[in-house]
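# Architecture at a glance
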Amino acid sequence: PKCHHQIYEAIQIPELDGLGSDRVMIEAPTRWAKSELCSFVKPLVDAIGGRRKNILLISATGALAEHWLGQIKQELETNSDLKAEYRIKKGGTWTKEQIHVGSKYGDCRITSKGLGFQIRVFVYDLIVADDLETKEMVRSELQRQYFQDWFKSDLLGRAEPGCQLLWIGTFL
């Protein structure tokens with residue numbers, strides 16, 4: 001569908017592809033494949049293609065971020081064509097919250113976290129914020145202000161220069 005092509009073009013790396021932006025917000029109804037493209041395909045391709053060194057997958061719950069990291073791990077472990085073409089190798093860390101993966105283009109760390117968890121350990125060159133907001137968070141001004149403060153200081157404070165931020169979600 002046309003919407004998939006629009007999302008794909010928006011999430012490309014501007015300096016490499018001539019498309020995309022370093023800050024992308026995608027808000028669309030459920031079942032539009034925005035998470036599959038942004039939380040699965042994009043981090044996988046950027047990690048094994050040597051485009052990124054430190055990727056953060058973050059969502060309102062750690063379980064959602066861990067789900068997408070699990071999908072990436074499964075693809076790296078089971079796709080024999082991908083493993084052969086990119087010479088995929090597991091690094092020292094291979095858990096539900098973080099992996100280190102190597103390819104013929106370099107090494108990459110991918111971390112999954114939920115909102116409010118400690119993210120101040122690393123700086124990231126790709127942050128995928130998938131369904132960060134919940135209905136409860138947007139109901140009160142105090143909750144919205146807390147989220148805005150956290151987003152600006154804690155999350156964006158972990159972005160290295162040139163970091164691409166993909167913020168995706170559904171209408172609340």
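Residues numbered from 1 in each chain as written. Predicted model: local features only at pLDDT ≥ 70, side-chain atom pairs only at ≥ 80, totals over all residues. Heavy atoms only, no water.

Relative to strand 4 (residues 98-103), strand 3 (residues 89-94) is paired through 3 bridges, and the arrangement is antiparallel. The partner of Lys90 across the bridge, within strand 4, is Val101. The antiparallel pairing of strand 3 with strand 4 creates a hairpin that spans 3 residues between the two strands. (Pairing = 2+ DSSP bridges. Helix = DSSP H or I, 4+ residues; strand = E, 2+ residues; numbered from the N terminus.)

Within the largest apolar cluster, 25 residues are counted, with the highest numbers of intra-cluster contacts made by Leu57, Ile72, Leu76 and Ile110. With near-sequence residues (within four places) excluded, Leu76 lies in contact with Leu44, Ile48, Leu82, Lys83, Ile88, Trp94, Ile99 and Val101. (Core = buried A, V, L, I, M, F, W, Y, C linked by side-chain atoms within 4.5 Å. Buried < 20%, exposed > 50% of the residue type's maximum accessible area, 1.4 Å probe, protein only. Contact = heavy atoms within 4.5 Å.)

Turning next to the packing of aromatic side chains. All told, the structure shown has 6 aromatic pairs when counted by the stated rule. Grouping aromatic residues by their ring pairs yields a cluster made of Phe147, Trp150, Phe151 and Trp167. The cationic tip of Lys104 hangs over the ring face of Tyr86; the distance from NZ or CZ to the ring centre is 6.0 Å. The residue whose ring lies beneath Arg109 is Phe122, and the NZ or CZ to ring-centre distance is 3.8 Å. (Phe/Tyr/Trp six-rings, centres within 6.5 Å; stacked < 30°, edge-to-face > 60°. Lys NZ or Arg CZ within 6 Å of the ring centre and 35° of its normal.)

So, on to helix 3 (residues 34-48). In an α-helix there are 3.6 residues to a turn, and that puts residues three or four apart on one side. If you check helix 3, its first and last C-alpha atoms are 20 Å apart, about what 15 residues at 1.5 Å a residue would give, namely 21 Å. At Val41, helix 3 shows its largest kink, close to 30°, and the proline Pro43 lies no more than four residues downstream. Most of helix 3 sits inside the fold, with 12 of its 15 residues counted as buried. Phi for Gly50, located one or two positions after helix 3, is positive at around 75°. (Expected span 1.5 Å × (residues − 1). Bend = angle between axes of the 7 residues up to and from the residue.)

All right, on to the sheet that holds strand 2 (residues 54-59) then. Spatial strand order, 1-7-6-2-5-4-3: 7 strands in an open sheet with mixed pairing. Strands at the two margins of the open sheet, each flanked by one partner only, are strand 1 (23-27) and strand 3. Between one strand axis and the next, the sheet turns through 15° on average, direction left out of account. As judged from the 5 bridges shared by strand 1 and strand 7 (residues 159-169), these two strands associate in the parallel manner. Of the residues in strand 7, the one forming a bridge with Arg23 is Leu165. (Axes fitted to C-alpha atoms, helices over the stretch in contact; angles between N-to-C directions.)

Right, let's get into the environment of Ile88. Along the polypeptide, Ile88 turns up in the loop between helix 5 (80-86) and strand 3. Judged by relative accessible area, which is 17%, Ile88 ranks as buried. Taking C-alpha positions, Ile88 is 9.8 Å from Gly106, a pair spaced 18 residues apart along the chain. Not counting residues up to four positions away in its chain, the partners in contact with Ile88 are Ile48, Leu76, Leu82, Lys83, Val101, Gly102 and Ser103.

Another point: the pattern of salt bridges. Under the definition given, this model contains 7 salt bridges. A salt bridge links Lys104 to Glu85, with the shortest nitrogen-to-oxygen separation between them at 3.6 Å. In this pair, Lys104 is assigned in the loop between strand 4 and strand 5 (106-114) and Glu85 in helix 5, connecting sequence segments 19 residues apart. On the basis of relative accessible area, Lys104 is assigned to the partly exposed category, the value being 32%. The partly exposed category is assigned to Glu85, whose relative accessible area is 48%. Salt bridges sharing common partners tie together Lys42, Asp46, Arg51 and Arg52. (Salt bridge = Lys/Arg side-chain N within 4 Å of Asp/Glu carboxyl O.)

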